[in-house]
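As a plain string of letters, each chain reads:
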There are 2 protein chains.
Amino acid sequence: MVGIKDIARECKVSATTVSRALNNSKEISEKTREYILETCELRGYVPNSSARNLILNKTNMIGLLIPDITNQYYAYVSKGVSSYLEKIGYGLVLCNSDRNKENENRYINFLAQRRVDGIILIPVKPKVEDYKKIIESIPLVMADNYVNDLEISYVGNDNYAGARKIVSHMLKQGYRKIGVILGDKSSSASNERLMAYKDVLIENNIEIKEEILLNSNATFEDGFKLTEKLINEKVEAIFTINDSVAMGVMKYCHMNNIQIPKDIGIAGYDDIEQAAMLPVPLTTVHQRKFELGKTVAKILIEEINNNQSAKQKIILQPELIIRKSCNE
Amino acid sequence: MVGIKDIARECKVSATTVSRALNNSKEISEKTREYILETCELRGYVPNSSARNLILNKTNMIGLLIPDITNQYYAYVSKGVSSYLEKIGYGLVLCNSDRNKENENRYINFLAQRRVDGIILIPVKPKVEDYKKIIESIPLVMADNYVNDLEISYVGNDNYAGARKIVSHMLKQGYRKIGVILGDKSSSASNERLMAYKDVLIENNIEIKEEILLNSNATFEDGFKLTEKLINEKVEAIFTINDSVAMGVMKYCHMNNIQIPKDIGIAGYDDIEQAAMLPVPLTTVHQRKFELGKTVAKILIEEINNNQSAKQKIILQPELIIRKSCNE
DNA sequence: GTGAAAGCGCTAACAA
DNA sequence: TTGTTAGCGCTTTCAC
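These lines cover the structure that appears in this document, whether it is placed above or below. In this text the structure is predicted, and so the values were computed from the model without any measurement.

Notes on the nonpolar core
Counting residues in hydrophobic clusters, the biggest one holds 52 residues, and the most contacted among them are V81 and L85 of chain A together with V81 and L85 of chain B. The residues touching V81 of chain A, leaving out its near neighbours within four places in the chain, are L64, L92, I120, G293, K294, V296 and A297 of chain A.

Here it is in C-alpha cells:
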C-alpha cells in the first residue's frame, strides 16, 4: 500500500509538501502541486482516512439511527439525509434499530466511539434519560419522535395538524364512530395524532370511546389483526397510524367481504408510493419525508460546524390527500 | 474528553494496562481489569476508533453501494446486510448511487480511503474496467448485477430461472404476444431474463418480435410511459423488469379502461410488499432479498478475515407467485 | 502481571 | 515555498 512517504520520496519532497498538495493548501507552488498530484494518480495513492480522522478529530461521517429501513417512510428520510450529505462530502452510517430499544442503545454506543461527527436519531420509545449522556459527547439531532426536556434540535412533521385534517375530513364524510389504530404508547407522533383526534371529536360533540383506541406496533400484520376487534365494536371507520397498517386493515376487509368505503371508511397516514394504486385508493396524509431527511441533515451539519448554535425545532406541514377509501 | 491516559493516571497503571483491560487480554489480573473497567464506566471513557483503526488498519465498517434505498428490493437487501453485520459488531456505510454512474464512482473513491474494510456493490451499468483498480485495494463482493472477467465473489438471484418460470406461466395462460419492459441494456439481470424469455418462446415456436422488447430505467414512470407503445403493438400481455414498472403499466391500464387480466395480462418481478394488495393482485417472482443481503455480507466478511479465500458465486432461487394479473 | 518505548499515517506549528 | 519536528490516541513488542 503506497503511503504519503512513498510519494514524498518519489517526488523528492517532504511528506508535509505532499499533504499540502492534497489539501488545497495555498502554501505550495502550482508546479510542485501538479507534479505531486500526478505522481499520486500514477502510483494509485489514496489517503488513509483513519490517520486523518485521528489528527483532525473528525470523521466526515454521520450516523443515522432509524427504526426500519424497509419502511418506505424511513427509506425516503434516509435518502433525503444521504442526498444532503453527499453534496458536502460526508458519509452515512446506517443503523437499523428494528424498533428495538436494546439495538438502539448498542448502536448509539457504537457510534459514540468517535466513528461519526454527529447522529441523526429517530428513536424508539424514547425517554429522556436514555439520551442525556450521549448528547453531551456528540451533536445529536432528533427527528419524528420528540423527547421533552432535552436540549437538542428537532425536525418533525406536524402530527397534530395532519391528524386534525384527516379526522375532520372523516367527520365531514359522515363517519361518526371512528376507530383508531395507533402506534406505541410512548411514540409522540402517535400521541399527538390521538390528541388531535380527541380534540376534533370533542369540538363536534362526539363521545370518545376508549375501547376503539388501540395501540400497535405500526405494522401491516397488526393492522390486519386488530381490525377484527374494531369491526366487532361496530366502528364506521378506522384511522390508522400509517399506510401499512391501513393496508392490513384493507386486507382484513377484503378477506371478509367488507366493502370500502361503503361498509367502512379507512384513512391512513404517510402517503406511501403504493397508496394511490390500492384496490381502493387510500385517503391519507402526505408527509414530506425526503425534505425531512434533508432538513435534519442540514441542521446537524450546522451544529457540527458551529459549536454553540441555538437549538432549533422545525415542524413541517403535512397535506391531506383525499382518495376513495373514506368517502361515504 | 477523557482518554486512555486519564484512566491510566487515575488507576495508577500504564496506558498499556488499560488497553489490555479493554481488549480482553489474558495478560492482566482479574482484579486490575475490574478496577479499570469500573473507572472507565465511571469516567465515561469511550475508546477512540480513529486511533484504533489507524494502528489496527481496520475500521470494522462495510460500505454498501446500492442504486436506490427507497426501492423496496434494495431496502430489504440492506436490512439483510445490516442484520448480519450487527451480529458481528460491524457498521454499515450506506451509499445511494441513485442509479448514476458518476455518483457510484465518487462513492467508491470515498470508501476506498480506508473508510471501510470491504465493499458490497450493486452496480449501475457495470463495466469491467470500472472495478479493476478498486478490487486490488479492497475486498469487494458484487450482488445482483454481475460483471464477467472479474476475480470477485458474487451473490445473485437466478434471473434466468425466475424469468423462465413466469414466462412459461404466461404462455400456459394462453398469452402469445408478450411485450417486455426491460431494465438497462447493460444490466445482467435484465439480460438474463430476456434470454429466458427468448428461450421459452423459441421452445414454444413463438416468433420473437424485437419491437415489443423495450428497455427502460426500471421506474414506475417508465412503466406508465412505455405501456402505450406496447398497447399500440397489440400485445396480449406485458412482462416487466420489476413490480414498480408493473404498477406503472397497471396505472396506464386503469386510466385507459383496459381490463387486467381480461384485456391484457401483466407480470412483474420482485414481489414487493404491496404486490398482493393491488387492484388486481400482481403475479410476480419472489426474490429472496433479505437473504441475499445476509449472504453477501457473510461472504464479504469471510474474504476480509481470510485473505485468500476462493471466490464464490452464489445464486439464490426465486419463486413464482401466481396471483390474478396474469390469468386468461 | 505490568510498563516503557516505538510507531500506525497523517497534519500543523514553527523554522529556514 | 519548503522541511523539520512533534504528536493525534491508541496497540504492541520487549524488557522487567
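That was the structure; now back to the text.
What to know about the environment of L226 of chain B
Looking at the element boundaries, L226 of chain B is found in helix α11 (residues 220-232). Considered as a pair, L226 of chain B and N215 of chain B are 11 residues apart in the sequence and their alpha carbons are 9.2 Å apart.

Considerations on the protein's contact with DNA strand D
Around DNA strand D lies a shell of 24 residues, among which T17 and I55 of chain A together with I4, S19 and R52 of chain B are the nearest. Of what DNA strand D places within 4 Å of the protein, 57% of the atoms are sugar or phosphate. Here I4 of chain B contributes a backbone N or O atom positioned 2.7 Å from a phosphate oxygen of DNA strand D. Between a phosphate oxygen of DNA strand D and a side-chain N or O atom of S19 of chain B, the distance comes to 2.6 Å. Elements that contribute at least two residues to the surface near DNA strand D include exactly α2 (15-22) and α4 (49-56) of chain A together with α2 (15-22) and α4 (49-56) of chain B.

Focus: the pairing of strand β5 (residues 153-157) of chain B
All names here are of chain B. Burial within β5 is extensive, with five of its five residues counted as buried. Side chains of β5 alternate between two faces, with S153, V155 and N157 and Y154 and G156 buried alike. Where strand β4 (residues 140-143) and β5 come together, three bridges link them in parallel fashion. From the neighbouring strand, A143 faces β5, where its bridge partner is V155. By the bridge criterion, four bridges tie β5 to strand β11 (residues 313-316) in an arrangement that is parallel.

Points about the state of the cysteines
All names here are of chain A. Taken as a whole and assessed by the stated rule, the structure comprises zero disulfides over all chains. Its sulfur unpaired, C11 is 6.7 Å from the next cysteine sulfur, which belongs to C40. Judged by relative accessible area, C11 falls into the buried class, the value being 7%.

Things to note about the sheet that holds strand β7 (residues 213-214) of chain B
Residues and elements named next belong to chain B. If you walk across this open sheet you meet the four strands as β7-β6-β8-β9, and the pairing is parallel. Pairing within the sheet leaves two strands with one partner each, and these edge strands are β7 and β9 (265-267). Where strand β8 (residues 237-240) and β9 come together, three bridges link them in parallel fashion. Within β9, the position partnered with F239 by the bridge is A267.

So, the protein's contact with DNA strand C
The environment of DNA strand C is made up of 25 residues, and the closest members are I4, S19 and Y45 of chain A together with T17 and I55 of chain B. The sugar-phosphate share of atoms of DNA strand C within 4 Å of the protein amounts to 57%. In this structure, T16 of chain B approaches DNA strand C through a side-chain N or O atom, which is 2.9 Å from a base nitrogen. Within the side chain of R20 of chain B, one N or O atom sits 2.7 Å away from a base nitrogen of DNA strand C. Counting only elements with at least two residues in the surface near DNA strand C, the list comes to α2 and α4 of chain A together with α2 and α4 of chain B. Looking at side-chain class alone, the surface near DNA strand C contains 10 nonpolar, 10 polar and five charged residues.

How each quantity is defined
Residues numbered from 1 in each chain as written. Chains lettered and ligands numbered in written order. Predicted model: local features only at pLDDT ≥ 70, side-chain atom pairs only at ≥ 80, totals over all residues. Heavy atoms only, no water. Core = buried A, V, L, I, M, F, W, Y, C linked by side-chain atoms within 4.5 Å. Buried < 20%, exposed > 50% of the residue type's maximum accessible area, 1.4 Å probe, protein only. Contact = heavy atoms within 4.5 Å. Helix = DSSP H or I, 4+ residues; strand = E, 2+ residues; numbered from the N terminus. Near = heavy atom within 4 Å. Polar contact = N/O pair within 3.5 Å; in protein donor to acceptor, adjacent residues only side chain to side chain. Pairing = 2+ DSSP bridges. Disulfide = S-S within 2.5 Å. Nonpolar A, V, L, I, M, F, W, Y, C, P; charged D, E, K, R; others polar.

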